Amino acid sequence: MAEFSFKIIAKDKKSSARTGIIKTRNGNIETPYFVPVGTVASLRAMDSQDLYNLGAQCTLANTYHLYLRPGDKNIKNLGGLHKFMNFNRPIFTDSGGFQVFSLGKGMEDKVNKFGQKVSKSILDKKISDDSLSLVKITDKGAHFKSIFDGSDHFIDAKKSMEIQSNLGADIIMAFDECTSPLSDYVYLKKSLERTHKWVLESLKYHDKKQALYGIIQGGAFKDLRIKSAEFMQKLPFDGIAIGGSFSNMGSSKEEMIKVIKWLTPYLDNRPIHLLGIGGIDDIFRAVEQGIDTFDCVSPTREARRGALYITPKAGGRIKNKFRINIRPLSLIKDSSPIDKYCLCSTCKNYSRAYLHHLFKSNELTYFRLASIHNLHFMLNMMEKIRQSIKDGKFQSLKKEWLR
């Protein structure tokens, strides 16, 4: 059995918010927690020492990308992910299920998991012009083309478990199909049956030294979500993840909270992970519903695009934006830090003017400094959330942060 346990430490009296400790073979994770995403075993523009300096308790790496490059067997031969990336704290890996969506139906429909329209991905330049999808789903698994060279591959539940075992993460995800928000009920029902079959196979084939999470799917349909939750709760997973799309109506984040509320009565004292969510307002509202961990690339991705997080005291509460844009020319004379209340190394040492200059110059140093700030912001926010739950002040903190 995996060296894994979860203990709830404190609960909010007015909601389902809770704090706890996830224990793994490579250390503990105090929850609620935002898991920084290092897709290719590295956060963009940062290294593992940066994670240590920020006090990051864990990270998440991507099964699909690492399978393709440099190869999961190669990583195993090099000592596994912890040694490969020189990070001796807990590591999550996803199952590759999200790439089944994003490179399949997501690319075909040009939408993200909330149904928001996205531009045609540069990834489809790797395939022929007569197809917009890199993925073909069958009941057996996912046939897909490499985003790197167009070569053909196939992953099923057994293969996903083998890859994640080779990578050597502490917490892994069962293989699932992340569906499009534009998929209809008939397709989602069939997909859910497929996912349930795959998670049973994941339980059968997973490396018992690793903690395995089952993933609840079902889109925006209440009966399917509840059916999936009941199915997962009966199985001996170490934790439960909530995945998939949350809306068949478009870009409403309220749909996500509605889905989580449907599931709350069916979730027990195992840790609950919300896959691919990193919005600040989303995190507060999801923590309120009992979610323990989150993962998302948004802090580093938004940093690279010029969006730098700021606290409510620094003006972040205005329309719940929680960010400034480093692009405007007016910032060239701004000697203040990104956020005068922030204690990250970027804010202690550099001004908005300098960061604006680096961004406009396309200087690589900008990406690192901006990413350090945004990730510090997220981890510090999660620490405040944990402490507020322990102190019985979560509702006051939520009111301070969200209008």
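Predicted model, so just to flag it, every value in this text is computed and none were measured.

Focus on the nonpolar core
Grouped together as the largest cluster of nonpolar side chains are 94 residues, with contacts concentrated most on I242, L274, M381 and I385. Take this core: its biggest share by element is 9 residues, from helix α14 (residues 364-390). Filtering out sequence-adjacent residues up to four positions away, M381 remains in contact with I280, I283, F284 and W401. Of all hydrophobic cores here, the second largest spans 17 residues; its members include A303, L358, L369 and A370.

Section: the sheet that holds strand β9 (residues 152-155)
The antiparallel open sheet is built from 3 strands, whose spatial order is β7-β8-β9. Only two strands of the sheet have a single neighbouring strand rather than two, namely β7 (135-137) and β9. Averaged over all pairs of adjacent strands, the angle between their axes in this sheet comes to 20°, without regard to strand direction.

Examining the packing of helix α7 (residues 185-205) against helix α8 (residues 222-233)
Direction vectors running N to C along α7 and α8 enclose 10°, while the axes themselves pass 11 Å from each other. When the axis of α7 is compared with that of α8, the two are roughly parallel. Contact residues: α7 offers Y185, L188, K189, L192, H196, V199 and L200, while α8 offers D223, L224, K227, S228, F231 and M232. Looking at side-chain class alone, the contact of α7 with α8 contains 8 nonpolar, 2 polar and 3 charged residues.

Topic: the confidence of the model for the chain
Averaged over every residue, the pLDDT of the chain is 91; residues scoring 70 or more account for 89%. In the model, residues 120-132 has pLDDT below 50 throughout and makes 20 contacts with residues more than four positions away in sequence or in other chains.

Here we look at the sheet that holds strand β12 (residues 239-242)
Sheet architecture is open: 8 strands sit in the order β4-β14-β13-β12-β11-β10-β6-β5, paired in parallel fashion. Looking at which strands have only one partner, the edges of the open sheet turn out to be β4 (33-36) and β5 (59-61). In this sheet, neighbouring strand axes are inclined to one another by 25° on average, regardless of whether the strands run parallel or antiparallel. Sheet topology places strand β10 (residues 171-173) next to strand β11 (residues 211-216); 3 bridges connect them, and they run parallel. Looking at the pairing, I171 lines up with A211 of β11. Strands in contact with helix α6 (residues 157-167) are β6 (91-93), β10 and β11; relative to β10, the strand with the most contacts, it is inclined by about 160°.

Structural notes on the pairing of β11
Where burial is concerned, most of β11 is hidden: 6 out of the 6 residues are buried. Along β11, one buried face is formed by A211, Y213 and I215 and the opposite face, lined by L212, G214 and I216, is buried too. Examined bridge by bridge, β11 and β12 share 4 bridges and lie parallel to one another. In the strand pairing of β12, Y213 is matched with G239.

Remarks on the side chain of H196
Counting through the fold element by element, H196 comes out in helix α7. Overall, H196 belongs to the buried group, its relative accessible area being 8%. Look past the residues within four positions of H196 in its chain and what remains in contact with it is K227, S228, F231 and M232.

Here we look at helix α13 (residues 352-360)
Quick reminder: α-helices carry 3.6 residues per turn. Residues three or four places apart thus point the same way. Taken residue by residue, α13 has R352, A353, L355, H356, L358 and F359 as its buried positions. Summarising the contacts, the buried residues of α13 are in contact with α11 (298-304), β15 (307-309), β16 (323-325), α12 (345-349) and α14. Backbone geometry just after α13 places N362 at a positive phi near 55°.

Here's the deal with the packing of aromatic side chains
Centre distance and the angle of the planes are the two values used to describe a pair of aromatic rings. Using the criterion set out here, one finds 15 aromatic pairs in the structure. When the centroid spacing of 6.5 Å and the interplanar angle of 80° are considered together, the rings of F92 and Y213 count as edge-to-face. Taken as a pair, F92 in strand β6 and Y213 in strand β11 lie far apart in primary sequence, 121 residues in all. Given a relative accessible area of 0%, Y213 falls into the buried group.

What to know about the environment of T63
When you line up the elements, T63 lands in helix α2 (residues 63-68). Taking C-alpha positions, T63 is 7.1 Å from I163, a pair spaced 100 residues apart along the chain. Leave out the neighbours within four places in its chain, and T63 touches T93, D94, S95, G96, I163, Q164 and L167. Only 2.3 Å separates the side chain of T63 from the backbone oxygen of D94, close enough to count as a polar contact.

Conventions we followed
Residues numbered from 1 in each chain as written. Predicted model: local features only at pLDDT ≥ 70, side-chain atom pairs only at ≥ 80, totals over all residues. Heavy atoms only, no water. Core = buried A, V, L, I, M, F, W, Y, C linked by side-chain atoms within 4.5 Å. Buried < 20%, exposed > 50% of the residue type's maximum accessible area, 1.4 Å probe, protein only. Helix = DSSP H or I, 4+ residues; strand = E, 2+ residues; numbered from the N terminus. Contact = heavy atoms within 4.5 Å. Pairing = 2+ DSSP bridges. Axes fitted to C-alpha atoms, helices over the stretch in contact; angles between N-to-C directions. Parallel < 35°, antiparallel > 145°, perpendicular 65-115°, else oblique. Nonpolar A, V, L, I, M, F, W, Y, C, P; charged D, E, K, R; others polar. pLDDT = per-residue confidence, 0-100. Phe/Tyr/Trp six-rings, centres within 6.5 Å; stacked < 30°, edge-to-face > 60°. Polar contact = N/O pair within 3.5 Å; in protein donor to acceptor, adjacent residues only side chain to side chain.

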